[in-house]
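Below are the chains, spelled out letter by letter.
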Amino acid sequence: MEALARLAGLDRALAEHREDVIAAFSQASAHRGVMHAPEDPAAEPWPPMQAGTNL
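About the criteria used
- Residues numbered from 1 in each chain as written.
- Predicted model: local features only at pLDDT ≥ 70, side-chain atom pairs only at ≥ 80, totals over all residues.
- Heavy atoms only, no water.
- Helix = DSSP H or I, 4+ residues; strand = E, 2+ residues; numbered from the N terminus.
- Buried < 20%, exposed > 50% of the residue type's maximum accessible area, 1.4 Å probe, protein only.
- Areas by Shrake-Rupley, 256 points an atom, 1.4 Å probe, with all protein chains shown as cover.
- Lys, Arg positive; Asp, Glu negative; His and termini not counted.
- Charge placed at Lys NZ, Arg CZ, Asp CG, Glu CD.
- Salt bridge = Lys/Arg side-chain N within 4 Å of Asp/Glu carboxyl O.
- Patch = residues over 30% accessible without salt bridge, like charges linked within 9 Å, V, L, I, M, F, W, Y side chains within 5 Å.
- pLDDT = per-residue confidence, 0-100.

Undergrad: So what exactly am I meant to see when it comes to the overall build of the chain here?
TA: Looking only at helices and strands, the chain has three helices and zero strands in total. Taken from N to C terminus, the helices and strands of the chain fall in the order α-α-α. With respect to the principal axes defined by its C-alpha atoms, the chain has extents near 50 × 25 × 15 Å. A buried classification covers 5% of the 55 residues belonging to the chain. Entry remark: accessible area of the chain is about 5300 Å², with carbon and sulfur atoms responsible for 59%. Counting 4 positive and 8 negative side-chain charges, the chain places the averaged centre of each group 9 Å from the other.

Undergrad: Just to check I follow, could you spell out the pattern of salt bridges for this structure?
TA: This structure, assessed with the given rule, holds four salt bridges. Residue Arg 18 pairs with Glu 2 through a salt bridge whose shortest N-O separation is 3.2 Å. Pair noted here: Arg 18 is in helix H3 (residues 18-32) and Glu 2 is in helix H1 (residues 2-7), with a separation of 16 residues, a long-range link. Judged by relative accessible area, Glu 2 falls into the partly exposed class, the value being 33%. Of the charged contacts, one joins Arg 6 and Asp 11 as a salt bridge, the two residues approaching to 3.1 Å between their closest N and O atoms. On the accessibility criterion, Arg 6 (41% relative accessible area) is partly exposed. Assessed through its relative accessible area of 38%, Asp 11 is described here as partly exposed.

Undergrad: How should I be thinking about a nonpolar patch on the surface in this particular structure?
TA: A cluster of nonpolar side chains, contributed by Leu 4, Leu 7 and Phe 25, occupies part of the molecular surface with about 330 Å² of accessible area. Tracing the chain through its elements places Phe 25 in helix H3.

Undergrad: Hey, could you run me through the confidence of the model for the chain in this one?
TA: Interpreting fine coordinate detail is not advised for predicted regions of low pLDDT. Looking at the chain, the pLDDT average stands at 84 and 91% of residues meet or exceed 70. Confidence scores differ between elements of the chain, with H3 showing the lowest mean pLDDT of 91 and helix H2 (residues 11-16) the highest of 95.

Below you can see the structure in the form of structure tokens.
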């Protein structure tokens, strides 16, 4: 957990709010099994938002 936090640039949060970082890590770990990676990581989950006159 500590190594991942440091890789994510959370050194200050780890030093000042260690309990919160640990709580966030355990919540993320618990939800990891529920989330599924997309088949095509480059694909957008929905059509992109576009501004224009065709509204």
